[in-house]
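Observations on the three-dimensional arrangement
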Amino acid sequence: MKPWEDKIRKVIPYTPGEQPNESDMVKLNTNENPYPPAPSVRELAKAMNTEDLRLYPDPTCHSLVSGLAAYYGLKEEQVFVGVGSDDVLAMCFLTFFNSQKPLLFPDITYSFYDVWADMLRIPYECQPLDENFHIKKEDYFRENGGIIFPNPNAPTGAELDQDAIEEIVAKNPSSIVIVDEAYVDFGGVSALPLIEKYDNVLVVQTFSKSRSMAGMRIGYAMGNAELIKYLNDVKYSFNSYTMNYPTLVLGVASLQDEAYFQETKNKIMETRAWAAKELRELGFTFEDSKSNFLFVSHKSVPAEKIFMELRKHHIYVRYFKKPRIDNYLRISIGTPKEMQKLITTLKEGDIL
Ligand SMILES: *Cc1c(COP(=O)(O)O)cnc(C)c1O
């Protein structure tokens, strides 16, 4: 042991999904959007004024904040932006979960939550999902230091209805409730209207999935002006220039192409319905998904085996070797062609 060892902040990091890079691969493991970003984003990226890169970017991110405020009909003071929703959520943990009482989140959920809680020494208690992997609202009607859950949940894809969300928010006036809506655009209902009615709820979204911009890193939180101010105070105490100049320019452009946004997300929902039907015919069982992935289990073949076999064919899906979900696969929705290749491989590859 080194003499400085006891002064180190030791953490067990989050493990992101694999990022293989093979020309023939079908990559369905990290919920990326299979379609490119909006055409205007791509044109602007090519025409970018790179001279301005010598300047620091606008620390207030005003262009993007005001674009988002206009898009959602909010005031600019109600919007906070960050480097992907991972950055926004990490800032939220740092800002809002500053209590000796436990933070509450589901046992099966986004696997970054316990990593941030551990890193920031935030006490937490996981609340078990029911046997069909649905959140039980009653689990959140007790003393706590804060509440966070994704809606739709990940990696299950299950949606919690708005009445239940409102009840959780209403019954916890002395805690901040964060609804992580990374997947809400794929057929879910947003809790955004609640931010006008309650001062303790924050809605977090991202450009990574529905806007095809995972590589750009844009996330945002929406809530009442006071919460947003507290978030900004922490951000400016940490790093003033979180968002870079190209990101701000391209993020604004994405918001301006509503038709493309609707078209691509509708295509993904159609492909999800088709893939669900095909997978059910092959003996997979799963709950309804309101996200851009399906969380499936096969009636006879272990998930880990299917995962390994698909890999051999350069088809990547996500397998979590964790309690309760170690016989499930999370399959992101790709293009119809990619999903067809998955189905054909499952049928003909001697896997099932
Ligand atoms: C993908 C995801 C995020 C983070 O996305 P960013 O790329 O950092 O915006 C946050 N929460 C959930 C539940 C996700 O699945």
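Look up: the structure comes first, before these words.
Right, let's walk through the structure included here. (Residues numbered from 1 in each chain as written. Predicted model: local features only at pLDDT ≥ 70, side-chain atom pairs only at ≥ 80, totals over all residues. Heavy atoms only, no water.)

**A few points about the site of the ligand**
- In the vicinity of the ligand, the residues found are Gly84, Ser85, Asp86, Leu89, Tyr110, Asp180, Ala182, Tyr183, Thr206, Ser208, Lys209 and Arg217.
- The separation between a nitrogen atom of the ligand and a polar side-chain atom of Asp180 is 2.7 Å.
- Side-chain polar atom of Tyr183 to an oxygen atom of the ligand: 2.5 Å apart, as the coordinates give it.
- Taking 380 Å² as the accessible area of the ligand by itself, protein coverage stands at 92%.
- At four residues, the largest contribution of residues to the shell around the ligand is made by helix 3 (residues 84-96).
- Of the residues assigned to the shell around the ligand, the class counts are four nonpolar, four polar and four charged. (Near = heavy atom within 4 Å. Polar contact = N/O pair within 3.5 Å; in protein donor to acceptor, adjacent residues only side chain to side chain. Areas by Shrake-Rupley, 256 points an atom, 1.4 Å probe, with all protein chains shown as cover. Helix = DSSP H or I, 4+ residues; strand = E, 2+ residues; numbered from the N terminus. Nonpolar A, V, L, I, M, F, W, Y, C, P; charged D, E, K, R; others polar.)

**Looking at the layout of surface pockets**
- Roughly 550 Å³ of volume is contained in the largest pocket.
- In terms of lining residues, the largest pocket is bounded by 28 residues, among which Tyr14, Thr30, Asp86, Tyr110 and Lys209 are the most central.
- Counting residues per element, the lining of the largest pocket draws most heavily on helix 3, which supplies three residues.
- Class assignment of the residues belonging to the lining of the largest pocket gives a composition of twelve nonpolar, nine polar and seven charged.
- Inspection of the lining of the largest pocket shows a minimum of three residues originating in each of domain 1 (5-37 + 259-348) and domain 2 (39-255). (1 Å grid on protein atoms, 1.4 Å probe; cavity = no way out; pocket = protein on both sides within 12 Å on 5 of 7 lines; lining within 4 Å. Points joined across faces, edges and corners; volume = space filled by probe spheres on them. Domains from an automatic or database assignment.)

**Some remarks on the sheet that holds strand 9 (residues 284-285)**
- Taken together, four strands build an open sheet; the order of strands is 9-10-13-12 and the sheet is antiparallel. At either end of the open sheet lies a strand with only one pairing partner, and these are strand 9 and strand 12 (318-319).
- Pairing geometry for strand 12 and strand 13 (residues 329-332), over two bridges, is antiparallel. In the sheet register, Tyr319 faces strand 13, and the bridge partner there is Leu329. (Pairing = 2+ DSSP bridges.)

**Quick look at the pattern of salt bridges**
- This structure, assessed with the given rule, holds 19 salt bridges.
- As a salt-bridge pair, Lys101 and Glu143 come within 2.9 Å of each other at their nearest N and O atoms. Remark: Glu143 occurs in the loop between strand 4 (124-127) and strand 5 (146-150) and Lys101 occurs in the loop between helix 3 and strand 3 (103-106); sequence separation between them is 42 residues.
- Given the relative accessible area of 57%, Glu143 is considered exposed. (Salt bridge = Lys/Arg side-chain N within 4 Å of Asp/Glu carboxyl O. Buried < 20%, exposed > 50% of the residue type's maximum accessible area, 1.4 Å probe, protein only.)

**Some thoughts on the nonpolar core**
- If you look at the biggest cluster of nonpolar residues, it comprises 81 residues, and the most contacted ones within it are Leu64, Val81, Phe149, Leu279, Leu329, Ile331 and Leu346.
- No fewer than three residues from each of domain 1 (5-37 + 259-348) and domain 2 (39-255) sit in this core.
- With 27 residues, the next largest nonpolar core counts Phe80, Met91, Phe105 and Val115 among its residues. (Core = buried A, V, L, I, M, F, W, Y, C linked by side-chain atoms within 4.5 Å.)

**Some thoughts on the side chain of Thr156**
- Within the secondary structure, Thr156 sits in the loop between strand 5 and helix 5 (162-170).
- Separated by 3.3 Å, the side chain of Thr156 and the backbone nitrogen of Ala158 make a polar contact.
- Ignoring any residue separated from it by four or fewer positions in sequence, one finds Thr156 in contact with Ile108, Leu129, Phe133, Phe293 and Phe295. (Contact = heavy atoms within 4.5 Å.)

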